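# A closer look at the structure
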Amino acid sequence: MKFMKLGSRPDTFYTTGDLRSVSTEVSTDIIIVVKGVRYLLHKFPLLSKCLHLQRLCSECSDSSKPSQELVIQLLDFPSGIEAFEICAKFCYGITITLSALNIVSVRCAAEYLQMKEDVDKGNLISKLEAFLNSCILRGWKDSLLTLQTTKSFPLWSEDLGITSRCIDAIASGVLSFPAKPNLSYGFSKVGRDDSSCNGTASQRLGIASQGWWAEDIAEFGIDLYWRTIVAIKAGGKVPANLIGKALQIYVTRWLPNISKEGIINTQDDSESIGEITAKYRFLLESIVSLLPMEKGSVSCSFLLKLLKAGNILGASFSSKMELARRVGIQLEEAKLSDLLIPSLSTNGTHYDVDIVMTILEQFMLQTQSPPTSPPRAKARYQRRRSRSAENFDFEFQESRRSSSASHSSKLKVAKLVDGYLREIARDPNLPLLKVIALAESIPDFARPDHDDLYRAIDIYLKSHKNLNKSERKQLCRILDCKKLSAGTCMHAAQNELLPLRMVVQVLFIEQSRASMAGGIVTELPNNIKLLLGTHEDDSLRPLPPGSTAITRPTEEEWSMSGPNSPNSKLSTLRMKLTEDEDQIEDGVGRNSKLKSTRSIPAGPKKMLSRLLSLNRTVS
């Protein structure tokens with residue numbers, strides 16, 4: 001820290017009771033009251049350098065009482081009594097010491113007293129400006145300390161240009177050495193004390209090189225911090241990832257932990273909850289406005305934490321939509337725990353599903369795949385490859401890489417969404433339409449298997465047992481049984497919460513796989529056995545567990561009867577369902593045993609057509 005001393009006389013100010021005076025051979029003739037403190041001083045040294053005091057004395061002088069001491073009250077004095085006393089000592093020639101800690105207050109006091117050059121040559125204001133420009137603003141630590149002290153005199157500091165000059169000096173220091181680690185005095189203090197930090201010197205050096213200035217400017221209030229980051233970004237020399245790390249450090253420093261109920265963990269009891277919430281809401285919205293535009297400049301986890309805090313603090317709609325857009329750009333990096341954003345609605349869902357839907361929409365907009373193949377040119381025109389053709393090939397290769405990255409990111413996001421569905425499916429207030437919309441927001445190719453989606457549907461059916469038959473069918477339509485694994489098919493075949501059509505479809509697929517592989521045929525559930533009826537012969541009944549049978553027909557069997565052969569278990573089930581459908585359409589009563597099981601829906605034509613097509617595929 002740099003210092004400047006002015007004056008040569010020793011300090012002769014002393015205190016008597018509630019008065020401050022200066023020890024001289026001449027009696028005092030003026031009393032100046034500052035912040036409740038009375039100063040017994042002399043007119044001559046003060047009025048010779050302070051134009052404001054000259055004007056006040058001329059207005060308050062009383063010629064009828066020349067012997068009475070003149071009393072002047074400085075009611076609107078901007079600084080404290082220490083700054084006034086420094087100005088008074090300068091008038092007396094007493095030695096004063098100036099530094100980054102008191103230069104702002106003394107500069108404001110000198111401006112108020114109008115200690116300018118036109119009043120006296122070599123006055124205090126000119127000396128303060130010279131020290132500020134030549135020393136204070138050229139040092140990193142002094143600039144930080146000076147800017148910190150301006151928050152005590154915000155209006156005066158703005159009018160005098162001290163705040164803007166300090167911000168410009170700090171930004172210039174960052175832009176001159178954006179990744180030089182040995183300039184941060186905050187980090188150097190930690191580095192000198194080996195007992196106060198863990199890790200080797202190289203590790204500390206690596207941490208500091210990621211943004212040596214971030215820890216230092218994190219001590220500013222949000223107003224000064226916002227202006228400082230804007231000035232740094234305007235320089236265009238600091239990488240976006242360093243800006244993002246600085247913002248993350250600042251949020252960690254100033255934004256406390258916030259619960260779902262909006263209770264903020266803070267030790268400041270002087271402010272109400274509403275005032276504290278408004279203050280942190282303004283801080284969060286300011287940080288959102290400072291986020292770099294480049295993808296990956298901040299982590300997706302950090303963005304989702306901001307979104308979660310903004311949802312609880314009641315941030316503006318534009319701020320939340322901006323965060324949702326940025327999360328959507330890099331959603332493949334998100335974690336499941338970060339997506340569980342609490343909802344503040346009284347009787348609504350536990351988690352904010354709508355904001356997740358918005359994030360997914362932004363993700364799908366950002367990951368539109370480019371064309372997968374370039375237009376083919378005729379061979380006779382390919383004698384010579386021009387530079388434009390080479391550029392076209394380069395752009396095509398880049399587009400193919402982008403398409404591949406888009407495909408892999410959609411696979412990750414699909415896995416993330418299925419896990420999110422499993423978590424929110426337990427919510428009893430979660431509407432069915434939101435589950436379907438969330439599941440259908442992922443393209444079909446992004447889900448190579450539907451096991452996780454089936455688990456989510458199973459959890460939802462167990463948590464919402466009041467769903468009717470049509471709602472269960474609507475929910476299960478999003479599931480592709482062909483993409484279920486063998487173990488999941490076994491579970492689905494015995495799941496009583498699933499619609500009967502889906503159970504039959506799962507059994508068809510499972511037994512088709514077993515028939516084509518020549519393996520063991522799975523035991524049919526009891527409700528499906530009743531559909532087949534008791535008049536089947538022993539050859540049509542499923543084999544007991546542990547026994548094997550060759551279910552693949554010979555060429556003669558395929559040629560004579562095909563997949564409609566009575567020896568085919570799949571055909572028998574299909575024919576039985578067809579007969580039941582015909583009976584329903586003709587108004588004929590159902591079988592008594594069929595009445596004791598689940599009733600077949602009135603319109604199974606769609607399911608039967610799918611089963612027929614599946615059976616043809618097997619043949």
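Thresholds applied
- Residues numbered from 1 in each chain as written.
- Predicted model: local features only at pLDDT ≥ 70, side-chain atom pairs only at ≥ 80, totals over all residues.
- Heavy atoms only, no water.
- UniProt positions renumbered as here; feature names shortened; annotations may be inferred.
- Helix = DSSP H or I, 4+ residues; strand = E, 2+ residues; numbered from the N terminus.
- Expected span 1.5 Å × (residues − 1).
- Buried < 20%, exposed > 50% of the residue type's maximum accessible area, 1.4 Å probe, protein only.
- Phe/Tyr/Trp six-rings, centres within 6.5 Å; stacked < 30°, edge-to-face > 60°.
- Axes fitted to C-alpha atoms, helices over the stretch in contact; angles between N-to-C directions.
- Parallel < 35°, antiparallel > 145°, perpendicular 65-115°, else oblique.
- Left-handed = near helix turned anticlockwise from the far one by under 90°.
- Contact = heavy atoms within 4.5 Å.
- Nonpolar A, V, L, I, M, F, W, Y, C, P; charged D, E, K, R; others polar.
- Salt bridge = Lys/Arg side-chain N within 4 Å of Asp/Glu carboxyl O.
- Disulfide = S-S within 2.5 Å.
- Pairing = 2+ DSSP bridges.

Looking at an unreviewed UniProt entry, one finds the chain named NPH3 domain and attributed to Macleaya cordata. In its Sequence similarities (unreviewed entry) section, UniProt records this for the chain: "Belongs to the NPH3 family."

### Describing helix α3 (residues 81-92)
Taking 1.5 Å as the rise per residue, α3 with 12 residues should run 16 Å; its terminal C-alpha atoms sit 16 Å apart, in good agreement. Counting buried residues in α3 gives 10 out of 12 residues, a clear majority hidden from the surface. Where α3 is concerned, the buried positions are A83, F84, E85, I86, C87, A88, K89, F90, C91 and Y92. Following α3 by one or two positions, G93 adopts a phi angle in the positive range, close to 85 degrees.

### Points about the packing of aromatic side chains
Here a ring pair, both rings aromatic, is described through the centre-centre distance and the interplanar angle of the planes. Considering all chains together, one arrives at eight aromatic pairs under this definition. When the centroid spacing of 6.5 Å and the interplanar angle of 65 degrees are considered together, the rings of Y112 and W156 count as edge-to-face. In this pair, Y112 sits in helix α4 (residues 103-113) while W156 sits in helix α7 (residues 154-160), placing the two residues 44 residues apart along the sequence. Judged by its relative accessible area of 31%, W156 is partly exposed. Ring plane angle 40 degrees and centroid distance 6.2 Å describe the contact between Y250 and W254, whose orientation is recorded as tilted. Here Y250 pairs with W254, and both are found in helix α13 (residues 240-254), just four residues apart, close to one helical turn.

### Some remarks on unusual backbone geometry
Positive phi, normally seen in glycine, also occurs at K35, with a value near 55 degrees. In this structure, K35 sits in the loop between β4 (30-34) and β5 (37-41). In this structure, Q114 is a non-glycine residue whose phi angle is positive, near 60 degrees. Within the fold, Q114 resides in the loop between α4 and α5 (124-134). For Q114, a relative accessible area of 17% puts it in the buried group.

### Observations regarding the packing of helix α16 (residues 317-329) against helix α18 (residues 353-366)
Remark: α16 packs on α18, axes separated minimally by 7 Å, with the N-to-C direction vectors making an angle of 50 degrees. Classified by the angle between their axes, α16 and α18 sit oblique to one another. The element α16 and its partner α18 pack so that their crossing is right-handed. Two secondary-structure elements touch here, α16 through M321, A324, R325, V327, G328 and I329 and α18 through I355, T358, I359, Q362, F363 and Q366. Of the residues assigned to the contact of α16 with α18, the class counts are seven nonpolar, four polar and one charged.

### Structural notes on the pattern of salt bridges
Taken as a whole and judged by the stated rule, the model has 19 salt bridges. In this structure, a network of salt bridges that share partners links the residues D11, R20, E85 and K89.

### What about the state of the cysteines?
Scanning the model with the defined rule gives zero disulfides in all. Here C87 is not cross-linked by a disulfide; its sulfur's nearest cysteine counterpart is in C50, at 6.9 Å. With no disulfide of its own, C489 lies closest to C481 among cysteine sulfurs, the gap being 7.0 Å.

### Considering the sheet that holds strand β3 (residues 19-22)
Within the open sheet, the five strands sit side by side as β2-β3-β5-β4-β6. Their pairing is mixed. The sheet is open, and its two borders are formed by β2 (13-16) and β6 (70-74), each paired with just one other strand. Within the sheet, the average angular offset between the axes of one strand and its neighbour, ignoring direction, is 25 degrees. Sheet contacts for helix α2 (residues 51-60): β4 and β6; angle to β6, the most-contacted strand, approximately 130 degrees.

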